[in-house]
Amino acid sequence: MKNGDDMRAAQLTSPKTLEIIETEVPTPKENEILVKLETISVCGSDLRKYDTVLPEEEYPLEIGKPNHECIGIVVESKSNLYKEGDRVIVLASKSDGLKEYMTEHETNAVLVPNYGDPAVWLMCQPMGTVLFSCQETGSFLGKNVAILGQGPIGLNFTSLVAAGGAKNVITTDLLDNRLEISRNIGATHTINPSKSNPLEVVEEITNGELVDIVIEAAGEESTLNQCFDLVKRQGFVTLFGVQWNENLNLEIGTMFDKQIKLIATSSARSGRRNIAVEQTISLVDQNRLTLDHLITHRKTFEDVQEAYDMYSDKTDNCLKVVMEF
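Below is a short write-up of the structure.

The rules we used
- Residues numbered from 1 in each chain as written.
- Predicted model: local features only at pLDDT ≥ 70, side-chain atom pairs only at ≥ 80, totals over all residues.
- Heavy atoms only, no water.
- Salt bridge = Lys/Arg side-chain N within 4 Å of Asp/Glu carboxyl O.
- Helix = DSSP H or I, 4+ residues; strand = E, 2+ residues; numbered from the N terminus.
- Buried < 20%, exposed > 50% of the residue type's maximum accessible area, 1.4 Å probe, protein only.
- Pairing = 2+ DSSP bridges.
- Right-handed = clockwise from strand over helix to strand, strands pointing away.

**Focus on the pattern of salt bridges**
Opposite charge on two side chains permits them to pair, given that their charged atoms come into close proximity.
Okay, so step 1: In this structure the tally under the stated criterion is 17 salt bridges.
Okay, so step 2: Arginine 298 serves as the salt-bridge partner of aspartate 117, at 2.5 Å between the closest nitrogen and oxygen. Taken together, the positions of aspartate 117 in the loop between β7 (109–112) and α2 (118–122) and arginine 298 in strand β14 (residues 295–300) put the pair 181 residues apart, joining distant regions of the chain.
Okay, so step 3: Taking relative accessible area as the criterion, aspartate 117 reaches 28% and is therefore assigned partly exposed.
Okay, so step 4: Classification of arginine 298 by relative accessible area gives partly exposed; the value is 41%.
Okay, so step 5: The salt bridge involving arginine 298 is made with glutamate 324; its shortest N-O contact spans 2.7 Å. Highlighted residues: arginine 298 in strand β14 and glutamate 324 in strand β15 (residues 320–324), separated in sequence by 26 residues.

**Some details on the pairing of strand β11 (residues 211–216)**
Okay, so step 1: For β11, the buried fraction is high: five of the six residues fall into the buried class.
Okay, so step 2: In the sheet, strand β8 (residues 144–148) pairs with β11 via four bridges, with the strands oriented parallel. Within β11, the residue paired with valine 145 across the bridge is isoleucine 213.
Okay, so step 3: Here β11 runs beside strand β12 (residues 231–239); their pairing, made up of five bridges, is parallel. When the sheet's bridge partners are listed, glutamate 216 is paired in β12 with leucine 239.
Okay, so step 4: Between the parallel pair β11 and β12, the chain is carried across by helix α7 (residues 221–230), and the sense of this crossover is right-handed.

Any link to function would need more than the numbers given here.
Right under this line is the structure:
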């Protein structure tokens with residue numbers, strides 16, 4: 001396929017409605033690469049545009065939005081960093097990955113080994129964001145750690161916290177199948193808040209001491225405030241989950257009373273996103289980290305509507321839903 005030829009793409013034309021269209025293959029500019037995508041994946045942050053009823057004048061969204069987890073092969077390069085045939089994770093700066101070909105600046109790509117399953121390598125992108133957050137949080141060695149939410153991001157935290165030598169890795173989620181996976185990858189205790197009181201369980205596990213570190217990976221107001229209940233005095237809270245509600249009711253009194261140390265983490269805003277993804281790729285390449293368990297469903301690009309609905313509704317015990325071209 002040449003620049004100017006047609007390619008498949010998807011466009012959000014109304015709330016929760018994606019349409020497959022044809023559009024021109026883009027032409028890379030100086031210091032850019034043209035990538036033929038192999039696999040893309042749905043991320044929770046994509047749902048902020050997909051699930052929300054936006055003002056009518058915002059539809060249709062720009063072609064390819066919302067999607068930012070992409071991997072593919074460089075088919076044309078105007079960059080000194082990449083050559084044709086290189087496999088790269090594309091850190092889509094415009095979140096426009098719902099298309100067969102995309103251009104991106106050379107600084108928004110990370111080289112991936114040219115063997116193995118592209119979908120598994122793609123999981124290094126979300127895991128890289130979690131690796132960065134763990135580095136910001138500090139050592140887990142010998143500590144009691146609670147991770148609120150066991151979606152794909154929360155499970156990534158569980159893997160790294162367990163590998164980091166935490167004394168207890170306590171995870172929470174409303175879905176039992178996710179808690180089962182959590183136990184399989186290192187959680188020492190799991191809690192379904194619809195069945196048990198998290199505070200009571202944590203108090204029992206820690207003999208009333210509560211936890212040293214709480215990681216919020218669900219992006220809910222309720223779990224954010226729950227962090228302050230579960231953490232010990234002068235404990236540490238790491239915020240990762242993206243809050244949809246901009247007007248939060250926070251338990252400020254509890255925060256001050258306990259003298260909590262709190263950080264909000266986002267590798268995309270840190271200037272270190274590429275480094276964290278590269279480090280994750282290295283760990284997978286060395287067989288020191290496995291990410292296969294995250295991929296529960298594989299679809300074709302033509303099934304993009306089904307893939308987004310499945311991820312949005314959490315049907316069929318899905319975690320990561322990938323689409324292959």
